[in-house]
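# Fold and geometry: a report
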Amino acid sequence: MAKIFYPDFFNDILGPVMQPGSSTSFAGNSRVGHAASFTVKGPLKSVKIRFFSEGQFRRLGNMMEDRAFLGGLQGFWTDDERLFQAHELAREKGISYEFGVLDHDNSHDKAVRFDLEDHQGIKGSLIGSSVGGGMIEVLEINGFPILWRGDTHGVLIIRDSSSQPKIDAFIAAQGDAVVENNIFKNAVGREASFIELSALPTESLLEKSLADTNWRLFQALLPVVTFKGRKPQLFRTVDEWIAYAKDKGISFVQAAIEYEKAFSGWDDAKIWDYFKKLREILFHQIHALEDRGTYPVADTPLLPVYGKFWKTYKDAGKSLQDPLTSRIMDYAFSTNAKIPGVKIVPGPMGTGGGYLFSALEAVREARGLSVEKQIEGLAIAAGLGAIAYSNCHCSGASGCVGESGMCCAMGSGAVTWMAGGTGEQVQWAASMALQANIGIPCDPIPGGLEFPCLTRTVRSAVTAPLYADMALAGIDPLIPFHEMLTVIEHTRALYGPAVTGPGCGACGTETAERCGRFLREEVMEGKLKWEAEVSA
């Protein structure tokens, strides 16, 4: 039976829990590197990390991709602060590494190839890609065309004439934990089994069950692991969401919880507890500058702490904003600071969860709402995100509407619910937010000190209450949320190069070219290749 796989609240929408940075470029790429680390058994000796396109390689380092790859290869999870010291730690461990470009064409134009060797001389390889929101696709493992998303625990077994009885016995012992079992053939005709499991087998069990076979264990990289018996997706539009709640005689927000139960198999208590955990992380993220005093927080070569400018200006009594907007901006600048050690929750872009939560927390404070109501707002935002991921490319591939625009839509719907709105009004607010964001390019300037992204992410936070107010006032935006998602796809198809890619938007300016040289010649100097000393 094929796996059931659709957008999930905690895998795709509000996740992963990570160190600050881009969910695609930092968290996703660290997961790709982590997956590659499983292809060898012993401590890593050397690795070549090569891109299939010159464009990818030239942008390396803009969003800490280099540290993500190297940190993942060392087994660091997405929330591990050691990711920021990945170069230094790899060198301390004597790991030689080199970044480069492959000298031949390949259909995996957005993927990365890893060629690894451990200290026992065992070699491994992996081709994989970060596909948005921290999610990944592995396309090849040790030469076998295996598609794996990090959503299960996988056991790769190289088959020979004597391995089948052991494989059969291992599968039988795993029982209902077996999700899929497939056989793959490499370019020279050799076969391998890849067994996907919902429960992690121990190394000792594998050593005993698969003695004298060539196997590798791949640990699940997502918080919600795929299991046998997952239910189909409950809804793909807000209209279906509303209808489901009405048919079951439950609230709109409880229908969102039922969606997650169908995917994860978790019960109500576990789901609400996870939302509470996410809320605590987001709360600390948006208060991080205040907690640390703002000014002591260090600038970096690629990101000044813009909150320092905002605090100086605001404390001087010069701010033109109303109190609610001003408070959202306080929180948004804390989100933007990306302080190492301060965990974040994407949604849908790297720091998108922090931006939408900036609006949720400022509204909660201004209205005197409960934390419980705010957590319900997070569930509403997650439901809107799941619908978006089901109907469009909810990432920079669609332009900034797929990132800051979707963040604004999710935040607008969540604020509407927190303020007493109905499911229909949630849809109105989210639709209006998307209507205001269609056609904006995704054009982060390599080496561009977070521009033009900063202008859009802060705007997504401060305008969320605007669209909530319009919806609560009874303004029907005419177009349902899911139809606006088809507009995103239509725009991407018609104007792809104009809404995404290295030359779109602000990336076409002379300043962007200067920033690119700064990234390549100064920031990444000495970081593309390092050779460990060979012991005598």
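Above: the structure in question.
Read on for a plain summary of the structure. Owing to the predicted nature of the structure, the values given are computational and were not obtained by experimental measurement. (Residues numbered from 1 in each chain as written. Predicted model: local features only at pLDDT ≥ 70, side-chain atom pairs only at ≥ 80, totals over all residues. Heavy atoms only, no water.)

### Examining the packing of aromatic side chains
- Scanning all chains against the criterion turns up 28 aromatic pairs.
- Sitting above the plane of the Phe-5 ring, Lys-3 keeps its charged end 6.0 Å from the centroid.
- Against the face of Trp-215 rests Lys-41, its NZ or CZ located 3.7 Å from the ring centre. (Phe/Tyr/Trp six-rings, centres within 6.5 Å; stacked < 30°, edge-to-face > 60°. Lys NZ or Arg CZ within 6 Å of the ring centre and 35° of its normal.)

### Observations concerning the packing of helix H10 (residues 268-286) against helix H14 (residues 352-367)
- Running from amino to carboxyl end, H10 crosses H14 at an angle of 85°, the nearest separation of the two axes being 9 Å. Classified by the angle their axes make, H10 and H14 are roughly perpendicular. Between H10 and H14, the contacting residues are Arg-279, Leu-282, Phe-283, Gln-285 and Ile-286 on the first element and Gly-353, Gly-354, Phe-357, Ser-358, Glu-361 and Arg-364 on the second.
- Tallied by class, the residues present in the contact of H10 with H14 amount to four nonpolar, four polar and three charged. (Axes fitted to C-alpha atoms, helices over the stretch in contact; angles between N-to-C directions. Helix = DSSP H or I, 4+ residues; strand = E, 2+ residues; numbered from the N terminus. Parallel < 35°, antiparallel > 145°, perpendicular 65-115°, else oblique. Contact = heavy atoms within 4.5 Å. Nonpolar A, V, L, I, M, F, W, Y, C, P; charged D, E, K, R; others polar.)

### Remarks on a negative patch on the surface
- Judged by side-chain charge, Asp-239, Glu-240, Glu-424, Asp-476 and Glu-483 come together as a negatively charged surface patch.
- Tracing the sequence through the fold places Glu-240 in helix H8 (residues 238-248).
- Judged by relative accessible area, which is 39%, Glu-240 ranks as partly exposed. (Patch = residues over 30% accessible without salt bridge, like charges linked within 9 Å, V, L, I, M, F, W, Y side chains within 5 Å. Areas by Shrake-Rupley, 256 points an atom, 1.4 Å probe, with all protein chains shown as cover. Salt bridge = Lys/Arg side-chain N within 4 Å of Asp/Glu carboxyl O. Lys, Arg positive; Asp, Glu negative; His and termini not counted. Charge placed at Lys NZ, Arg CZ, Asp CG, Glu CD. Buried < 20%, exposed > 50% of the residue type's maximum accessible area, 1.4 Å probe, protein only.)

### Quick look at the layout of surface pockets
- The computed volume of the second largest pocket comes to approximately 400 Å³.
- Surrounding the second largest pocket, 20 residues form its lining, Ser-37, Phe-38, Val-40, Lys-41 and Gly-42 being those nearest its centre.
- Mapped onto the lining of the second largest pocket, the elements with two or more residues apiece are helix H7 (203-209) and strand E9 (214-218).
- Counting residues per element, the lining of the second largest pocket draws most heavily on E9, which supplies three residues.
- Its residues placed into classes, the lining of the second largest pocket shows eleven nonpolar, four polar and five charged. (1 Å grid on protein atoms, 1.4 Å probe; cavity = no way out; pocket = protein on both sides within 12 Å on 5 of 7 lines; lining within 4 Å. Points joined across faces, edges and corners; volume = space filled by probe spheres on them.)

### Observations regarding empty space enclosed by the protein
- This model, assessed by the stated rule, comprises two cavities of 30 Å³ or more.
- Along the walls of the largest cavity sit Pro-20, Gln-285, Ala-288, Ser-334, Thr-335, Lys-338, Ile-339, Val-342 and Ile-344, which together make up its complete lining.
- Split by residue class, the lining of the largest cavity holds five nonpolar, three polar and one charged.
- Within this model, the second largest cavity holds a volume of roughly 30 Å³.
- Around the second largest cavity sit Ser-23, Thr-24, Gly-133, Pro-348, Met-349, Cys-394, Ser-395, Gly-402 and Glu-403, which together line it.

### As for the side chain of Arg-216
- With respect to the helices, strands and loops of the structure, Arg-216 is situated in strand E9.
- Of the side chains with opposite charge, Asp-118 comes closest to the buried, unpaired Arg-216, at an N-O distance of 6.2 Å.
- In this structure the side chain of Arg-216 is engaged in a polar contact, spanning 2.9 Å, whose partner is the backbone oxygen of Thr-39.
- In this structure the side chain of Arg-216 is engaged in a polar contact, spanning 3.0 Å, whose partner is the side chain of Asn-214.
- Setting aside residues no more than four positions away along its own chain, Arg-216 makes contact with Phe-38, Thr-39, Val-40, Lys-41, Ile-122, Asn-142, Gly-154, Val-155 and Leu-156. (Polar contact = N/O pair within 3.5 Å; in protein donor to acceptor, adjacent residues only side chain to side chain.)

### Structural notes on the environment of Ala-169
- Position of Ala-169 among the secondary structure elements: in helix H6 (residues 164-174).
- Each C-alpha atom of the pair Ala-169 and Ser-209 lies 7.6 Å from the other, and the pair is 40 residues apart in sequence.

### A short note on the side chain of Ser-130
- Following the sequence through the fold, Ser-130 ends up in strand E4 (residues 123-132).
- When sequence neighbours within four positions are dropped, the list of residues in contact with Ser-130 reads Thr-24, Gly-28, Asn-29, Val-32, Met-135 and Ile-136.

### Quick notes on the sheet that holds strand E1 (residues 44-51)
- Strand order in the open sheet formed by six strands is E5-E4-E3-E1-E2-E10, and the pairing between neighbours is mixed. Since the sheet does not close on itself, it has two edges, and those belong to strand E5 (135-141) and strand E10 (529-530), each with one partner.
- For strand E3 (residues 112-118) and E4, the ladder comprises six bridges, and the chain directions are antiparallel. Across the sheet, the residue bridging to Leu-116 is Gly-124, located in E4.
- Each of E3, E4 and E5 is contacted by helix H2 (residues 23-37), which is oriented at about 155° to E4, the strand it contacts most.
- Strands E1, strand E2 (96-101) and E3 of the sheet are contacted by helix H4 (residues 65-73), whose axis makes an angle of about 145° with E1. (Pairing = 2+ DSSP bridges.)

### A word on the environment of Trp-530
- In this structure, Trp-530 sits in strand E10.
- Leaving out residues up to four positions away in the same chain, Trp-530 has contacts with Arg-91, Gly-94, Ile-95, Ser-96 and Tyr-97.

On their own, these measurements won't tell you what the molecule is for.
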